[in-house]
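# Structural overview
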Amino acid sequence: QQQVKQSPQSLIVQKGGISIINCAYENTAFDYFPWYQQFPGKGPALLIAIRPDVSEKKEGRFTISFNKSAKQFSLHIMDSQPGDSATYFCAASRIQGAQKLVFGQGTRLTINP
Amino acid sequence: DAGVTQSPTHLIKTRGQQVTLRCSPISGHKSVSWYQQVLGQGPQFIFQYYEKEERGRGNFPDRFSARQFPNYSSELNVNALLLGDSALYLCASSFSTGSSSPLHFGNGTRLTVT
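What this report covers is the structure whose coordinates are included nearby. All values reported here derive from a predicted model rather than from experimental measurement.

## Describing the sheet that holds strand β8 (residues 74-78) of chain B
Residues and elements named next belong to chain B. Read across the open sheet, the four strands follow the order β1-β3-β8-β7; overall the sheet is antiparallel. The open sheet has two free edges, formed respectively by β1 (5-7) and β7 (64-68), since each of these has just one partner strand. Each strand of the sheet is rotated relative to its neighbour by a mean of 15°, with strand direction disregarded. Relative to β8, β7 is paired through five bridges, and the arrangement is antiparallel. Bridging across to β8, Phe-64 finds its partner in Val-78.

## Let's talk about the nonpolar core
Grouped together as the largest cluster of nonpolar side chains are 25 residues, with contacts concentrated most on Val-4, Phe-33, Trp-35, Phe-73, Leu-75 and Tyr-88 of chain A. If you list the elements that add at least two residues to this core, you get β2 (10-14), β3 (19-25), β4 (33-38), β5 (45-50), β7 (62-67), β8 (72-77), β9 (86-92) and β11 (107-112) of chain A. Top contributing element to this core by residue count: β9 of chain A, with four residues. Contact partners of Phe-73 of chain A, with chain neighbours within four places excluded, come to Ile-21, Asn-22, Cys-23, Tyr-25, Phe-33, Trp-35, Ser-65, Phe-66, Cys-90 and Ala-91 of chain A. Counting residues in each nonpolar core, the second largest holds 22 residues, with Val-4, Leu-11, Val-19 and Cys-91 of chain B among its members.

## Things to note about the packing of aromatic side chains
Residue and element names in this part refer to chain A. Counting across every chain of the model gives 17 aromatic pairs over all chains. Between Trp-35 and Phe-73 the ring centres are 5.7 Å apart and the planes differ by 70°, which places this aromatic pair in the edge-to-face class. Pair noted here: Trp-35 is in strand β4 and Phe-73 is in strand β8, with a separation of 38 residues, a long-range link. Residue Trp-35 is classed as buried on the basis of its relative accessible area of 0%. A network of ring pairs unites the aromatic residues Tyr-25, Phe-30, Phe-33, Trp-35, Phe-66 and Phe-73 as a single cluster.

## Details of the interface of chain B and chain A
In this complex, chain B contributes 28 residues to the contact, which on the side of chain A involves 21 residues. Taking both sides of the interface into account, the surface hidden between chain B and chain A amounts to around 1,700 Å²; carbon and sulfur atoms contribute 52%. Summed over the three residues of chain B that lose the most area to chain A, namely Ser-99, Phe-105 and Asn-107 of chain B, the buried surface amounts to 32% of that side. Here chain B is connected to chain A by zero salt bridges. Taken together, chain B and chain A are joined by eight residue pairs in polar contact (both at pLDDT 80 or more). Among the secondary structure elements, those contributing two or more residues to the side of chain B that touches chain A are β4 (31-37), β5 (44-50), β6 (53-57) and β9 (87-94) of chain B. Sorting elements by how many residues they give to the side of chain B that touches chain A places β4 of chain B first, with four residues. A class-by-class count of the residues in the side of chain B that touches chain A yields eight nonpolar, 18 polar and two charged.

## Quick notes on the state of the cysteines
Residue and element names in this part refer to chain A. Tallied over the entire structure, the rule returns two disulfides over all chains. One disulfide in the model links Cys-23 with Cys-90; its S-S distance is 1.8 Å. Measuring the twist about the S-S bond at about -95°, one finds the Cys-23-Cys-90 disulfide to be left-handed. Of the two residues, Cys-23 is situated in strand β3 and Cys-90 in strand β9; the sequence distance between them amounts to 67 residues.

Reading the values: rules and limits
- Residues numbered from 1 in each chain as written.
- Chains lettered and ligands numbered in written order.
- Predicted model: local features only at pLDDT ≥ 70, side-chain atom pairs only at ≥ 80, totals over all residues.
- Heavy atoms only, no water.
- Pairing = 2+ DSSP bridges.
- Helix = DSSP H or I, 4+ residues; strand = E, 2+ residues; numbered from the N terminus.
- Axes fitted to C-alpha atoms, helices over the stretch in contact; angles between N-to-C directions.
- Core = buried A, V, L, I, M, F, W, Y, C linked by side-chain atoms within 4.5 Å.
- Buried < 20%, exposed > 50% of the residue type's maximum accessible area, 1.4 Å probe, protein only.
- Contact = heavy atoms within 4.5 Å.
- Phe/Tyr/Trp six-rings, centres within 6.5 Å; stacked < 30°, edge-to-face > 60°.
- Buried area = accessible area lost by both parts, 1.4 Å probe.
- Salt bridge = Lys/Arg side-chain N within 4 Å of Asp/Glu carboxyl O.
- Polar contact = N/O pair within 3.5 Å; in protein donor to acceptor, adjacent residues only side chain to side chain.
- Nonpolar A, V, L, I, M, F, W, Y, C, P; charged D, E, K, R; others polar.
- Disulfide = S-S within 2.5 Å.

Any functional reading would require information that these geometric values do not contain.
This is the structure in C-alpha cells:
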C-alpha cells in the first residue's frame, strides 16, 4: 500500500517534443504529490507539486495531471530541451504528520538536440 | 544563501564498521530528514527530526540511528555496516514538519561498503 509505481524507466524525446512520465499510487491516504528532478551527482530538486483537490497544475513548461479515481498522476514537460535531460522522480505522502515521501523508481529522460 | 550541506561527500568503509554522516540544514529550517538512495532507485525515507525530536522513522533496522542538535544540524549513524548499506545518503531540510513545507535536498554522501 506504500508503493508508488513510475513508468517508463527511461525515455528519449526530441528537442521541442513533449515528455510524459506516469505514476500510480495505492495508498488513498496520500494527499501530496511532488515531482523531483535529479542531475548526476546532485540531490533531487523539487519541480512542482499537486494536491488532490485539483486535476491539473502548471508551472512554466511543467504540468502535473492528476486523476484521483484512477490513483494516477503524470508529469508533462512541454517544449523539452536538452537541459531537461535528468532523472525524474514522482513521490507521494500525507500532508499532515511526518514528512515521509514515498518515491517512484525514477525515469531517466534524455532530450536529443 | 547556502543550501543543505552534507559531509563527507564520499566515504569508503569495511563491513562491520560504523559510520557517521553529517548534515547542516538551510538557515531557518528546523526539520531534517534522511533518505537512502540505492543506485538506480528512488530515495527511501529513513528518519525525520523536528526540533530535536524524532517525528518519523522508515523501515530500516535498528543499526540506523540519528539525532538533531540544538542548531538543527543532524547526524546519521549506521552501525555494523553491511554491503547492502552502500548507497547515496541524502539529507533534506524544511522549515517545518508536514508536506506543506517543501523538502530541500543536499547533494548527499556516497557510502561504499567493501
